[in-house]
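Structural overview
For reference, the chains in residue letters:
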Amino acid sequence: MARAYDVAGIEEKWQRRWAEDGTYQVENDDPRPPFYALCMYPYPSGPAHQGHVRNYTFGDLVVRHRTMRGNAVLSPIGFDSFGLPAENAAIRTGTHPRTFTDQRIAELKASLVRLGAVYDWRREVRSHDPAYIRWNQVIFERLLDAGLAYRANAPVNWCPGCQTVLANEQVLSDGTCERSGDPVERRDLEQWFLRITAYADELLAGLDDLDWPERVKTMQRNWIGRSEGAELDLAVVGRDGSDGRPPLALRVFTTRPDTIFGMTYAVLAPEHPLVDDVTTPAQRPVVDELRRLAAARSEIERTASAEGGAALEKRGAYTGTQVVNPFTGAEVPLFVADYVLMGYGTGAIMAVPAEDERDWAFAQAYGLPVVRTVRPPEGWDDEGRGAYTGAGEKINSGFLDGLEIATAKERAIEALEARGLGVRTVHYRLRDWLVSRQRYWGCPIPVIHCPKHGVVPVPLDQLPVLAPDDVAFEPTGKSPLASHEGFRRTTCPVCGGPAERETDTMDTFVDSSWYFLRFCDPFHEDMAFDPAAARHWMPVDQYIGGIEHAILHLLYARFFTRVLIDTGLAPGLGREPFQRLFTQGMIRMDGTKMSKSKGNLISPARYFESVGADGLRLFHLFVGPPADDFDWTEQTDQVIDGCGRFLDRLWRLLEAVGERGGERAPEHPFDPAASLALRRTTHRTVAQVSADLDRWSYNTAVAHCMELVNSAHKAMSSERAASTEALEEACDMLLLLLAPMAPHVTAELWERRHPDELALHLQAWPTADPGLVAEDTVTMVVQVNGKVRDRLEVDASIGEEEARSAALASPKVRAALGDAEPARVVVRPPKLVNVVL
RNA sequence: GCCCGGAUGGCGGAAUCGGUAGACGCGGAGGCCUCAAAAGCCUUUGUCCGAGAGGGCAUGCGGGUUCGAGUCCCGCUCCGGGCACCA
């Protein structure tokens, strides 16, 4: 499309100016009130795609708007530059991951600059930078010292295609790898874990005060999964110690201690260490067979959904042993069953089929008895509805009979504790964070394994541990570092004897768990960041990113912030890193997410050429609510063109107003009423756009600016034209309001109008004159029986009586009333009168 | 199965506190300008009845509360997302 101005030239000019002038560089001792605006730093995947454009358009708007509002705005950016794609490319093409990554960073960076997004580039952070690796490793060693990092043998998700372990979130619900699609296997490996569970309670409680989308908080609460209940011991029959063997009891966890009277059997997970001990010789074959089946059905499969959403068939085997119900003394059978998971609670349960659906299903399949301990509603059993988990009166429960469930739980726990049978406990669904990756392109875990001294941290003065470049990139299932003798072989820092380096690298989520702290002060060689600088900028006032990070990144970052405070690296810092979070909607195309891996990207480059960065930014702001997903369709290009047209109209408006003289011909003087009307519209727009930006309603902010441009065009060309002063005010306000949204063209137009003044983006955000915002006449709606019959222009300060008589005097209302007398007149001056018959 | 969103013209969406439904834009129709086109400008555009004035119907479906409901309550349908044997 032919444009009204030189889009490319102007955009290039201002991008250069902002960089040369350091407009958005900010010092840590800046006296203005600090504001930390942050977009989640991107994985460098090459030139920006529309998702980036959307994200960084929102972020840039916040940065420029807050700056005009008088804040010192910290606007840093960096690159989450470790990760699998670079290494997979190395395996495929032989290009070193660093070469590959640096090139893609350069491409992404160029896109961000081309978009007109402004940052303090002096603060750029790259995860693969040795300086960053070093502090990552120092932090890891702090965790090690604090007992928050440990090694354990654990069943892990292994992807045979990617040849590495996967985090739980990288496994899809059908048990396949999200990257390669291969079925994920279970392997037992010695791995590094971070003890995030130590902070479970605090991470849960801290959510309450955060200004985050409610659904993100809900997702984190569910992920942490706090369950209150009790652990109790079930005595194993025949194992009371009288036969010389030590007494044996089975520890189970329950959230329903009130239902103990209804326990009719108990279950061990197939992996439970006591299974062998409690299995009688006669039952061994069936128990072994069950365990074999369970091992084949991985934990992934056992915890994930089955086809059609129904729970998996529950399979079990009787151990031949009985356990004792602690409240009734009854002896009940002990089973091994695959619906009980070793990874949660104690790996053993008391089963109460009457009040638990899973136990009910198992009891039905294995012919086990059911004892109700809560009275179900009338007709429940007649309808064959199975387990009843709702509220009700306790029955068949001895000392708990007649109580409500909550009270009964308390009494049951008190009884357990009084008799020494059990204790009140809390369990979490959250598990410790597995951070080992058998890959090359990540931060090396800085420890040495010594045959004599075990795990020894690499001394701080020897950090960073950097991976060598001359490795063979082959998918072997071990880190390429493991087969690099020069790297692996080393000496023990304690005894000097031969030792081996750890060859696993860290999960890249470690890198992103504290980068926002590094941004506060990346200038020091001798510290990760100056704690005073962190205290100055933190917490992030506005964090912006995708909903896909709702759980993991945001949870890990909250965890790390606490760990850095508690290990002395960030003394005095607030414990929550991100006070306000905004999650933007994703861009879809043909029903799926627009992404590189789906191959349905629409490159921003062509729009930079046609409507410019300004036009494309405006489109992303205008197209719909920022939090909503939007569908990219065939019509989208026309909407983008429309945004370009709007900027042309703005340009022409400014041109025309600039050329217009202060006086018109005497036969057509400026109309004072039209001038006042335009001034009112201008100031109302200032008020509306300011409010829109504060509540993330960018689409209506753009719409309000469009209305003002339309009004100004009309006010200039009509017979009853507004004064040049009124038009100039409208123009100035438009440029100020649009400055954060379409920064280049507005900066240029401002400079042409005000060559001797401060640049547009250094101007203060405008305020509306309240006297011009308030209306003096309003349209009063007159309804008869709730239907609009007339609209009257009335004084805004009209009183109730006056409004009533004006409404009743309306001929249209009189016609609608006919002969009838109004039964009631509802008057809401000055907006509405409703005459009710 | 459970939890959370959402459904408004041909399309994206607006309606901030229960008070004019459809702002703004896209698309469509008609016109001006032009030798012609592009660009631009103007008018119009929920739907039905009506020549018109005007009126009826309209915010996924069915009820309810209210003088008044897109907005609140109850019950559904469909779409999207998250969780899913967590004891």
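One structure accompanies this document, and this report is about it. (Residues numbered from 1 in each chain as written. Chains lettered and ligands numbered in written order. Predicted model: local features only at pLDDT ≥ 70, side-chain atom pairs only at ≥ 80, totals over all residues. Heavy atoms only, no water.)

1. Structural notes on empty space enclosed by the protein
The tally for this structure, following the rule as stated, stands at one cavity of 30 Å³ or more. Counted as a void, the largest cavity has a volume near 50 Å³. As for the largest cavity, its lining consists of A37, L38, C39, Y56, G59, D60, V63, S75, P76, Y119 and I544. Elements with a minimum of two residues in the lining of the largest cavity: β1 (34–39) and α2 (50–68). Here the lining of the largest cavity takes four residues from α2, the largest share from any one element. (1 Å grid on protein atoms, 1.4 Å probe; cavity = no way out; pocket = protein on both sides within 12 Å on 5 of 7 lines; lining within 4 Å. Points joined across faces, edges and corners; volume = space filled by probe spheres on them. Helix = DSSP H or I, 4+ residues; strand = E, 2+ residues; numbered from the N terminus.)

2. Focus on the sheet that holds strand β29 (residues 824–828)
Strand order in this open sheet of four strands is β28-β27-β30-β29, and the pairing throughout is mixed. With one partner strand each, in any of the chains shown, β28 (787–795) and β29 form the two edges of the open sheet. When strand polarity is set aside, the average angle formed by the axes of neighbouring strands in this sheet is 15°. Where β29 lies against strand β30 (residues 832–836), five bridges are found, and the strand directions are antiparallel. (Pairing = 2+ DSSP bridges. Axes fitted to C-alpha atoms, helices over the stretch in contact; angles between N-to-C directions.)

3. Concerning the packing of helix α20 (residues 636–659) against helix α23 (residues 724–738)
At a minimum axis distance of 10 Å, the contact between α20 and α23 shows a crossing angle of 145°. α20 and α23 meet at a crossing whose hand is left-handed. Counting all contacts with α20, which are made through F646, L650, L653, L654 and V657, the residues of α23 involved are L727, E728, C731, L734, L735 and L738. A breakdown of the residues in the contact of α20 with α23 according to their chemical character gives 10 nonpolar, no polar and one charged. (Left-handed = near helix turned anticlockwise from the far one by under 90°. Contact = heavy atoms within 4.5 Å. Nonpolar A, V, L, I, M, F, W, Y, C, P; charged D, E, K, R; others polar.)

4. Remarks on the sheet that holds strand β20 (residues 498–501)
With antiparallel pairing, the four strands of this open sheet are ordered in space as β18-β17-β20-β19. Looking along the sheet, the strands with just one partner apiece sit at the ends: β18 (454–457) and β19 (489–491). Each adjacent strand pair in this sheet contributes to an overall mean axis angle of 45°, direction not counted. Both strand β17 (residues 447–450) and β20 contribute to a ladder of two bridges, which runs antiparallel. Residue pairing for β20: H449 is matched across the bridge by E500.

5. Digging into helix α5 (residues 130–145)
Across its 16 residues, α5 extends 22 Å between first and last C-alpha, which sits within 8% of the 22 Å expected from 1.5 Å per residue. Along α5, the positions that sit buried rather than exposed are Y132, I133, W135, N136, Q137, V138, I139, F140, E141, L143 and L144. One or two positions beyond α5, positive phi appears at G147, with a value near 75°. (Expected span 1.5 Å × (residues − 1). Buried < 20%, exposed > 50% of the residue type's maximum accessible area, 1.4 Å probe, protein only.)

6. Observations regarding the packing of aromatic side chains
Summed over the entire model, instances satisfying the criterion amount to 40 aromatic pairs. Centroid distance F253 to Y344: 6.3 Å. Interplanar angle 70°. Geometry classified as edge-to-face. Of this pair, F253 sits in strand β9 (residues 249–254) while Y344 is found in the loop between β12 (331–337) and β13 (348–351), placing the two residues 91 residues apart along the sequence. Overall, F253 belongs to the buried group, its relative accessible area being 8%. When its relative accessible area of 27% is taken as the criterion, Y344 is described as partly exposed. A centroid spacing of 5.8 Å and a plane angle of 70° characterise the contact between F261 and F399, whose relative ring orientation is edge-to-face. A residue pair is termed long-range when its members are at least 10 positions apart, and F261 in the loop between β9 and β10 (265–268) and F399 in the loop between α11 (357–366) and α12 (405–418) qualify at 138 residues. Note on F261: relative accessible area 12%, which makes it buried. The class for F399 is partly exposed, based on a relative accessible area of 39%. Its end group placed over the ring of W18, R64 keeps NZ or CZ at 4.0 Å from the ring centre. (Phe/Tyr/Trp six-rings, centres within 6.5 Å; stacked < 30°, edge-to-face > 60°. Lys NZ or Arg CZ within 6 Å of the ring centre and 35° of its normal.)

7. Section: the pattern of salt bridges
Across all of its chains, the model carries 62 salt bridges by this definition. Across the salt bridge formed by E124 and K109, the nearest N and O atoms sit 2.7 Å from each other. Here E124, found in the loop between α4 (97–115) and β4 (125–126), pairs with K109, found in helix α4; they are 15 residues apart in sequence, far enough to count as distant. Judged by its relative accessible area of 25%, K109 is partly exposed. For D276, the salt bridge identified is with R284, shortest N-O distance 3.0 Å. For D276, a relative accessible area of 40% corresponds to the partly exposed category. Classification of R284 as partly exposed rests on a relative accessible area of 29%. By sharing partners, the salt bridges in this structure join K13, R17, D21, E748, E751 and R752 into a single network. (Salt bridge = Lys/Arg side-chain N within 4 Å of Asp/Glu carboxyl O.)

8. Brief notes about the environment of F487
Along the polypeptide, F487 turns up in helix α13 (residues 485–488). Here F487 falls in the buried class, since its relative accessible area comes to 5%. Separated by 307 residues in sequence, F487 and V794 have C-alpha atoms that sit 85 Å apart.

9. Quick look at the pairing of β12
Counting buried residues along β12, six of its seven residues qualify, which places the element largely inside the surrounding structure. Looking at chain direction, β10 and β12 are connected through three bridges and run parallel. In the strand pairing of β12, L268 is matched with V336. Strand direction decides the pairing type here: strand β11 (residues 316–324) and β12, joined by six bridges, are antiparallel. By the bridge assignment for β12, Q322 is matched with P333. Hairpin geometry of β11 and β12 is characterised by an intervening segment of six residues between the two adjacent antiparallel strands and by a positive phi of about 80° at G329.

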